[in-house]
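# Observations on the model geometry
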Amino acid sequence: MAAAAPWPATYDQLFRGTQVARDERKEAREALEKHLHGIVARLEGFNQGHLLRTGSAFEGLKVARPNEADFMLLDISEPIPRLPAAQEIAFLPLDCPPEKFRQDFAAAVKATNPSCKTSVQGPGVKLSYTDHGVSFTADLIPAIRVRVDKIPFAWSHRWLPIPERERELYAVAKVDPVTRKWGWRLSFSVMELNYIKHLTNDKKMCLRFVKYLSEGRRPGKLKSYMLKNAWLDFLALHPDDVDWSDDKISQLLRTKKFLDHTINLFQKKFLPIFFAPTVNLLAHMRDDDNLKSIEHLCELKRKLEDL
């Protein structure tokens with residue numbers, strides 16, 4: 001995580017702090033994609049994969065470091081498995097061994113790109129390189145496309161706004177946080193992108209404000225992904241009773257309401273994954289980490305009230 005910027009003293013300072021120039025973002029994304037396409041073309045065993053955009057750089061939620069982005073590499077050499085039902089997001093019954101899949105991918109990336117600094121991270125690989133004096137970083141995660149014949153009824157209301165052609169589900173190889181065993185886990189990152197790209201900028205600002213204020217200050221167990229899912233939950237639960245106008249006062253009030261909502265989720269110790277709302281992101285968070293997260297969110301709210 002980057003070093004924390006000074007606390008903004010005014011709304012205008014906060015707003016300016018969240019802005020990454022559009023041209024700067026576009027140039028960085030294009031440079032990263034061009035470099036990654038060259039990497040993928042040389043990857044032994046994965047060179048026919050499709051590069052998919054994911055994450056805040058493409059969702060309009062980026063508040064810092066425009067030269068960083070997330071991508072998913074779809075492995076098209078594997079047949080697309082059909083799952084009769086998606087009752088859980090972990091331990092999907094796929095034939096491909098998950099640990100070997102991730103290990104083979106990491107080894108292929110390292111062997112193909114000696115000029116890049118590579119590190120294995122979670123389900124994928126972090127790539128760092130310098131081009132004309134500019135540093136770039138990309139998280140590249142290998143994935144397998146899956147089809148699900150039936151989704152749980154409790155999930156379906158969150159899927160309705162997404163056209164069926166955009167309900168893209170993928171399996172990624174991850175270690176279970178409790179058992180420490182490898183398994184296949186559903187990823188909703190492309191669906192999240194397809195959902196968020198239709199949201200207006202004024203709805204995105206409350207999350208951008210919180211991410212900016214949290215930068216360099218966020219407790220280690222309070223993940224950006226948690227904030228994003230709390231924000232999506234907030235939008236879904238308050239579509240009409242929140243003032244979505246774009247003036248300063250409305251944006252600050254919305255952000256405070258969003259923080260209240262997020263604090264309440266942590267106090268209840270139930271933060272749902274947006275597209276799998278029966279799955280709790282806080283299920284395995286320790287009480288002391290949960291308390292640190294709540295204290296941090298309360299501090300952000302106090303800082304907003306001072307503006």
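Attention in this report is confined to the structure presented alongside it.

Basis of the calculations
Residues numbered from 1 in each chain as written. Predicted model: local features only at pLDDT ≥ 70, side-chain atom pairs only at ≥ 80, totals over all residues. Heavy atoms only, no water. Helix = DSSP H or I, 4+ residues; strand = E, 2+ residues; numbered from the N terminus. Rg over C-alpha atoms; globule rule 2.2 N^0.38 Å. Buried < 20%, exposed > 50% of the residue type's maximum accessible area, 1.4 Å probe, protein only. Contact = heavy atoms within 4.5 Å. Lys, Arg positive; Asp, Glu negative; His and termini not counted. Charge placed at Lys NZ, Arg CZ, Asp CG, Glu CD. Phe/Tyr/Trp six-rings, centres within 6.5 Å; stacked < 30°, edge-to-face > 60°. Expected span 1.5 Å × (residues − 1). Salt bridge = Lys/Arg side-chain N within 4 Å of Asp/Glu carboxyl O.

### Structural notes on the overall build of the chain
Counting its regular elements, the chain contains ten helices and ten strands. At 20 Å, the chain has a C-alpha radius of gyration in line with the 19 Å of a compact globule built from 307 residues. Counting only C-alpha atoms, the chain reaches 55 × 50 × 40 Å along its principal axes. Counting over 307 residues, the chain shows a buried share of 49%. Long-range pairs, those at least 24 residues apart, make up 70% of the contacts in the chain with a sequence separation of at least 6. Between the centroid of the 47 positive side chains of the chain and the centroid of its 40 negative side chains there is a distance of 1 Å.

### Some details on the packing of aromatic side chains
Tallied over the full model, the rule gives 15 aromatic pairs. Seen in terms of ring centroids, Tyr 11 and Phe 15 are 6.1 Å apart; in terms of plane orientation they differ by 25°. Their pairing is stacked. One end of the pair, Tyr 11, and the other, Phe 15, are both in helix α1 (residues 11-17), four residues apart, so they sit about a helical turn from each other. Take Phe 15: its relative accessible area is 32%, and that puts it in the partly exposed class. On the numbers, 5.4 Å between centres and 70° between planes, the contact of Phe 58 with Phe 71 is edge-to-face. You can see Phe 58 sitting in helix α3 (residues 56-59) and its partner Phe 71 sitting in strand β2 (residues 68-74), a full 13 residues away along the chain. A residue is classified by how much of its surface remains accessible, and Phe 58, at 13% relative accessible area, is buried. Residue Phe 71 is classed as buried on the basis of its relative accessible area of 1%. An aromatic cluster of at least three residues, connected via ring pairs, comprises Trp 155, Trp 159, Phe 188, Tyr 195, Phe 274 and Phe 275.

### Looking at helix α7 (residues 201-214)
When the terminal C-alpha atoms of α7 are compared, their 20 Å separation across 14 residues agrees well with the 20 Å that a helix rising 1.5 Å per residue should span. Of all 14 residues in α7, twelve are buried; the element is thus mostly enclosed. On its buried face, α7 sits against α1, α3, α6 (189-196), α8 (224-237), α9 (248-268) and α10 (287-305). Of the residues trailing α7, Gly 216 is marked for its positive phi of about 80°.

### Concerning the environment of Val 172
Inspection of the secondary structure puts Val 172 in strand β7 (residues 169-175). Sequence separation between Val 172 and Ile 141 is 31 residues; the distance between their C-alpha atoms is 7.6 Å. Sequence-distant contacts of Val 172, that is, excluding residues within four places in its chain, are made with Met 72, Pro 123, Ile 141, Pro 142, Ala 143, Gly 183, Trp 184, Arg 185 and Ser 187.

### Digging into the pattern of salt bridges
Opposite charge on two side chains permits pairing when their charged atoms draw close. What the rule picks out here adds up to eleven salt bridges. Across the pair Asp 12 and Lys 248 runs a salt bridge, and its minimum N-O distance is 3.1 Å. On the criterion of sequence distance, the pair formed by Asp 12 in helix α1 and Lys 248 in helix α9 is long-range, its members being 236 residues apart. The exposure class assigned to Asp 12 is partly exposed, which follows from its relative accessible area of 35%. The salt bridge involving Asp 289 is made with Arg 286; its shortest N-O contact spans 3.9 Å.

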